[in-house]
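As a plain string of letters, each chain reads:
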Amino acid sequence: MKAEAPSQAADKVGRHELIALLNEDLAREYQAIISYVVYSQVLKGAEFMNIAAELEKHAAEELSHALMISNQIDYLGGMPVVQPKPVRTSEKAREMLRFDLINEGETIRNYRERVRQCEQLGEYAMAEHIREILMDEQDHQIALATALGEDVPVVKDSPNAAAKKA
Ligand SMILES: [Fe+2]
Ligand SMILES: [Fe+2]
């Protein structure tokens with residue numbers, strides 16, 4: 001029997017699984033709100049003044065993402081979670097930015113997967129909403145990498161998805 005195209009097989013989920021995955025996304029959005037609220041206020045040093053103001057904008061954008069994801073979970077008949085993913089803290093500005101950069105990468109990887117999963121389920125409008133969120137997350141990633149003086153990291157598919165594809 002001929003197997004399905006690998007990327008399709010790896011991305012296929014049911015509606016219940018999609019609700020659970022969106023709740024993971026929501027917990028990541030809460031995490032992002034909290035870290036941007038705190039980091040934007042405690043980031044010290046002249047070199048980081050611009051990025052501190054930028055992080056404050058990120059906080060507001062993450063809140064709008066959380067609302068959007070909650071709305072999609074409700075639409076699917078699920079109950080939005082109330083617990084954030086753990087937020088790491090540091091006294092060091094560069095470390096704070098590093099944590100955010102790592103989290104944004106994880107978020108982008110997940111939303112790219114989510115777009116494919118939504119489309120597999122025929123949830124095209126949902127996929128579109130998530131694409132819009134993705135554009136913001138990529139902007140966040142660029143802002144953080146730039147503040148750290150680094151290239152924007154390449155986001156790879158999860159090892160899980162890769163394993164399923166193999
Ligand atoms: Fe977000
Ligand atoms: Fe973000």
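Right above here is the structure, for reference.
Residues numbered from 1 in each chain as written. Chains lettered and ligands numbered in written order. Predicted model: local features only at pLDDT ≥ 70, side-chain atom pairs only at ≥ 80, totals over all residues. Heavy atoms only, no water.

Caption draft 1: Quick look at the side chain of His58. Topologically, His58 is positioned in helix α3 (residues 49-75). Beyond its immediate sequence surroundings of up to four residues, His58 is in contact with Tyr36, His140 and Ala143. (Helix = DSSP H or I, 4+ residues; strand = E, 2+ residues; numbered from the N terminus. Contact = heavy atoms within 4.5 Å.)

Caption draft 2: Main features of helix α5 (residues 124-148). Under the 1.5 Å per step criterion, the end-to-end length of α5 is 36 Å for 25 residues, consistent within 8% with the ideal 36 Å. Those residues of α5 that are buried are in contact with α2 (15-42), α3 and α4 (93-120). Count one or two residues on from α5 and you reach Gly149, which has phi positive near 70°. (Expected span 1.5 Å × (residues − 1).)

Caption draft 3: Quick look at the coordination of the iron ion (ligand 1). Distances from the iron ion (ligand 1) to its protein donors, namely Glu29 (OE), Glu29 (OE), Glu62 (OE), His65 (ND1) and Glu137 (OE), fall within the range 1.9 to 2.4 Å. Donor residues for the iron ion (ligand 1) sit on one chain with the sequence pattern E-x32-E-x2-H-x71-E. A distance of 3.9 Å spans the gap from the iron ion (ligand 1) to the iron ion (ligand 2), which Glu62 bridges by coordinating each metal. Of the two residues, His65 sits in helix α3 while Glu137 sits in helix α5, which places them 72 residues apart along the sequence. According to the relative accessible area criterion, His65 is buried, its value standing at 2%. (Donors = N, O, S within 2.8 Å, 3.2 Å for Na, K, Ca; no water. Buried < 20%, exposed > 50% of the residue type's maximum accessible area, 1.4 Å probe, protein only.)

Caption draft 4: Geometry of the coordination of the iron ion (ligand 2). With distances of 2.0 to 2.5 Å, the protein atoms coordinating the iron ion (ligand 2) are Glu62 (OE), Glu104 (OE), Glu104 (OE), Glu137 (OE) and His140 (ND1). Between the donor residues of the iron ion (ligand 2), the gaps in sequence give the motif E-x41-E-x32-E-x2-H.

Caption draft 5: Region of the structure containing empty space enclosed by the protein. One pass over the structure, following the stated rule, counts 1 cavity of 30 Å³ or more. Approximately 80 Å³ is the volume found for the largest cavity. Lining the largest cavity, in full, are Arg28, Glu29, Gln31, Ala32, Ser35, Tyr36, Glu62, Asp100, Asn103, Glu104, Thr107 and Glu137. If you list the elements that add at least two residues to the lining of the largest cavity, you get α2 and α4. With 6 residues, α2 is the largest single contributor of residues to the lining of the largest cavity. Residue composition of the lining of the largest cavity, by class: 2 nonpolar, 4 polar and 6 charged. (1 Å grid on protein atoms, 1.4 Å probe; cavity = no way out; pocket = protein on both sides within 12 Å on 5 of 7 lines; lining within 4 Å. Points joined across faces, edges and corners; volume = space filled by probe spheres on them. Nonpolar A, V, L, I, M, F, W, Y, C, P; charged D, E, K, R; others polar.)

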